Amino acid sequence: MTTTIALASLPVIVPVLVLGAVLKLAAVRRGAEPEGLGGLGPTVLLPERLRRPAIVLCALVELAYAVALPLWDHPLPRWGAVVFFTLATYVLVDLKRRRPEAGCGCFGEVSRKPVGLRSIGRAMALGLMTLAVALSPVTAADLVAGLSWTMLGWTVAAAALVLLLSPEIDEMVARMRYRAPCELREAPVEDALSRLTASAEWRERRPLLVSTTPVDTWRELCWRFFVYEGRTADGDAVDVVFAVHLDGGRHAPVRSALVAADGTSLESLPESIPVSA
Amino acid sequence: MNVERRRARAAAVLGRQPASLGPVPGERPAPGVVTGEIRDVSPHLLVLENADGDEVRLVIAPWATAWHGGDAAPADLPLGARAIVRTAGEYGRVADRIWVDITRFTGKILRVHGTRDLTVELDCGPHRGRRTITIPYRATGRIQVRYPRLEPGYLFDAIGTLGKGNPTALFPAASQPPYRADAVPAPPLTYAVPSVQVGSAVWSDAFDEDERGAAYPRLERSDAECDQAGVTCAALPYLALGSAVRVENQCTGRSAVVPIVACGCLTGRFCDRCVECGTSERGRIVELSPASFVELGGELSKGCFNAGIGLG
């Protein structure tokens, strides 16, 4: 049984260690500060000058275990990994008590959420998995030799347990499903311009335009405005102003108006619409 | 690019009724603001020369206070210094608060040198260039309490005096954000944009004297012709130069509609809070000209107020 758990755990522990190390190093490289807005984990408990080296050291230790566990059948990395995760569990409990606002930093900046029972539970679960690997020393070669559907099932279960205990997943799912409101989304001018030129409003106003190059364009909330020089049927100079809504794809609403130099509309106003819509 | 007409054009095409610029009438009249160079001062009278070269005579109220690198008596203010005066009364000719030679240094630290007096070189953004300022030894302690990292790459914001060609930082304007200026945390995920955004409103002296206006951080880069625009800590909606925002000082209840006249490239990078009256939401949402800041009831020497902004 221990061997089965060890074989199922090894393909879970190694990617977790690699991912943790890479994301920690990436955060350090990016210049994120350990105590900045959620923190990078237990290093906030250390003096400032030691924080960065501590994160790098932790990442290197994780990488070392990630390499040694599947390749080296020796008690040193195996029991070392058990000690590592046991210490991690203790430190997270301590962090939750002393700095409840700090994130666990387990996966660098992704782990910004304050430490909770799930983070602690994950460290404990990984500790138990490494204990199984220490008690029944298995390597990548054993894994390949013992490959079966049953083993795959156990591995999936172990991975699901770790995912279930990972608060970062909630954030990732939320970010993947997230679509910012149009007021907050970047919207290239070219897209709005192509929507405009494909619109009926454009075709209707086109004969009035002196030039098809806009003299001004700006974006406000969900609208992109274009101003063109124009002339009325009487030959008076006029600004032809278009407003293109930035939400709605090819069928986005387009409005237009002829505006005099003093800013007044030369025709009846279009139907009023909410400014933030 | 005639941005002043954008608001009228947008209103015409969308059928909006834009609010008029300036203070929103309230229960109490908005304070007035007069700026100029001090020509004469006595315990009861202050004479300024404004930007047009006209003389402005102000009665100093008995309760009036002044700031000149710290609290000062109005009668002791130096001749020739720049003054920003908050006025009260029906005709706006009674001075009740005077700030003299006040300035603000907001930027990214480029270089720090010195042992006792520190010399700090700041990058104040693409529109404002670089500034070299001095932190005198007597002020280093109180500034470093709030700005422990006087290192290149970190943000800096302090209030001080213009001096005579030697700008001097005297007081920290806020607490230093713990991240580097180019590692601003992403705004929180927002599913709907409220009509009023809340956060911190600050002021800057990078405006013309007497100008009423604001620098707003969330502008499209192509519109603002600024490749550093659009970085914000708060989830602010996109607006444009020429748009107007209605700013409410949540500490005094005063409101005003001010035009956006500049890009607040650095403002949005500050993920701090104002604690002027309670604790504001995180992030600077607007940077006001000194005149607009004072009209809204802000205290220049404190540097910020808790604010709510919406489209004006």
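Residues numbered from 1 in each chain as written. Chains lettered and ligands numbered in written order. Predicted model: local features only at pLDDT ≥ 70, side-chain atom pairs only at ≥ 80, totals over all residues. Heavy atoms only, no water.

Asks: What should I look at first to understand the pattern of salt bridges in this one?
Replies: Once their charged atoms are close, side chains differing in charge can pair, the charge on each being opposite to the other. All names here are of chain B. Considering all chains together, one arrives at 31 salt bridges over all chains under this definition. Close ionic contact of Glu209 with Arg82 constitutes a salt bridge, the shortest N to O distance being 1.8 Å. Of this pair, Glu209 sits in the loop between β13 (197-203) and β14 (214-216) while Arg82 sits in strand β6 (residues 82-88), and the two are 127 residues apart along the sequence. A single salt-bridge network, built from bridges that share partners, covers Glu37, Arg39, Glu49, Arg82 and Glu209. (Salt bridge = Lys/Arg side-chain N within 4 Å of Asp/Glu carboxyl O. Helix = DSSP H or I, 4+ residues; strand = E, 2+ residues; numbered from the N terminus.)

Asks: Help me out: how do you make sense of the interface of chain A and chain B in this one?
Replies: At the interface, 45 residues of chain A touch 40 residues of chain B. Here chain A packs against chain B, burying approximately 3,600 Å² in sum over the two surfaces, 59% of which is carbon and sulfur. Run the count over chain A and chain B and you get 6 salt bridges. Applying the counting rule to chain A against chain B returns 14 residue pairs in polar contact (both at pLDDT 80 or more). Taken together, the elements giving at least two residues each to the side of chain A that touches chain B come down to α7 (167-177), β1 (216-220), β2 (223-231), β3 (237-245) and β4 (254-259) of chain A. Per-element tally for the side of chain A that touches chain B: the top contributor is β1 of chain A, with 5 residues. (Contact = heavy atoms within 4.5 Å. Buried area = accessible area lost by both parts, 1.4 Å probe. Polar contact = N/O pair within 3.5 Å; in protein donor to acceptor, adjacent residues only side chain to side chain.)

Asks: Help me out: how do you make sense of the sheet that holds β4 of chain A in this one?
Replies: Two modes of strand pairing occur in sheets, parallel and antiparallel, and in both the strands are linked by backbone hydrogen bonds. Taking strand neighbours across the sheet as the criterion, the 4 strands line up as β1-β2-β3-β4 (chain A) in an open arrangement whose pairing is antiparallel. The two strands at the open ends of the sheet, each matched to only one other strand, are β1 and β4 of chain A. On average, each strand axis in the sheet is inclined to that of its neighbour by 20 degrees, with strand direction left out of account. Pairing of β3 of chain A with β4 of chain A, which is carried by 6 bridges, proceeds in the antiparallel orientation. Residue pairing in the sheet places Val241 of chain A in a bridge with Ala257 of chain A of β4 of chain A. Helix α8 (residues 189-197) of chain A rests against β1, β2, β3 and β4 of chain A of the sheet, and its axis sits at about 55 degrees to β2 of chain A. Across the sheet, helix α1 (residues 6-14) of chain B touches β1, β2, β3 and β4 of chain A, and the angle it forms with β4 of chain A is around 120 degrees. (Pairing = 2+ DSSP bridges. Axes fitted to C-alpha atoms, helices over the stretch in contact; angles between N-to-C directions.)

Asks: For this particular structure, what's the right way to read the nonpolar core?
Replies: For soluble globular proteins, the rule of thumb is that nonpolar side chains tend to be buried together. Residues and elements named next belong to chain B. The biggest cluster of nonpolar side chains holds 39 residues, and the ones touching the most others in it are Ile102, Val247, Leu288, Leu300 and Phe305. Of all elements in the fold, only β13, β14, β15 (244-249), β16 (255-263), β17 (284-288), α4 (290-295) and β18 (304-311) reach the threshold of two or more residues within this core. With 4 residues, the single largest contributor to this core is β16. For Leu300, the residues in contact, after removing those within four places along its chain, are Ile84, Trp99, Ile102, Ile159, Trp203, Pro290, Phe293 and Val294. (Core = buried A, V, L, I, M, F, W, Y, C linked by side-chain atoms within 4.5 Å. Buried < 20%, exposed > 50% of the residue type's maximum accessible area, 1.4 Å probe, protein only.)

Asks: How should a nonpolar patch on the surface be read in this particular structure?
Replies: Residues and elements named next belong to chain A. A contiguous nonpolar patch, built from Val18, Val22, Leu60 and Leu63 and spanning about 290 Å² of accessible area, is present on the exposed surface. Going through the elements one at a time, α1 (2-30) and α2 (48-71) are the ones with two or more residues in the nonpolar patch. Relative to the helices and strands, Leu63 is located in helix α2. Take Leu63: its relative accessible area is 30%, and that puts it in the partly exposed class. (Patch = residues over 30% accessible without salt bridge, like charges linked within 9 Å, V, L, I, M, F, W, Y side chains within 5 Å. Areas by Shrake-Rupley, 256 points an atom, 1.4 Å probe, with all protein chains shown as cover.)

Asks: How should I be thinking about the environment of Pro253 of chain A in this particular structure?
Replies: Residue and element names in this part refer to chain A. Within the secondary structure, Pro253 is located in the loop between β3 and β4. The spacing of Pro253 and Ser199 is 54 residues in sequence and 8.7 Å in space, taken between C-alpha atoms. Apart from residues no more than four positions distant in its own chain, Pro253 is found in contact with Trp223, Ala243, Val244, His245 and Asp247.

Asks: Sorry if this is basic, but what is going on with the state of the cysteines here?
Replies: Here a disulfide denotes one covalent bond, and it connects the sulfur atoms of two cysteines. According to the stated counting rule, one finds 5 disulfides over all chains in the structure shown. Disulfide partner of Cys182 of chain A: Cys222 of chain A, at an S-S distance of 1.7 Å. Taking the sign of the S-S torsion, 85 degrees for the link of Cys182 of chain A and Cys222 of chain A, the bridge is right-handed. Of this pair, Cys182 of chain A sits in the loop between α7 and α8 while Cys222 of chain A sits in the loop between β1 and β2; the two residues are 40 residues apart in sequence, bridging distant segments of the chain. On the basis of relative accessibility, which here comes to 7%, the residue Cys182 of chain A falls in the buried class. Note on Cys222 of chain A: relative accessible area 0%, which makes it buried. Cys274 of chain B shares a disulfide with Cys304 of chain B; S-S distance 2.1 Å. Here Cys274 of chain B and Cys304 of chain B share a disulfide; its torsion about the S-S bond, 85 degrees, makes the bridge right-handed. Pair noted here: Cys274 of chain B is in the loop between β16 and β17 and Cys304 of chain B is in strand β18, with a separation of 30 residues, a long-range link. By relative accessible area, Cys274 of chain B is classed as buried at 1%. A relative accessible area of 11% places Cys304 of chain B in the buried class. (Disulfide = S-S within 2.5 Å.)

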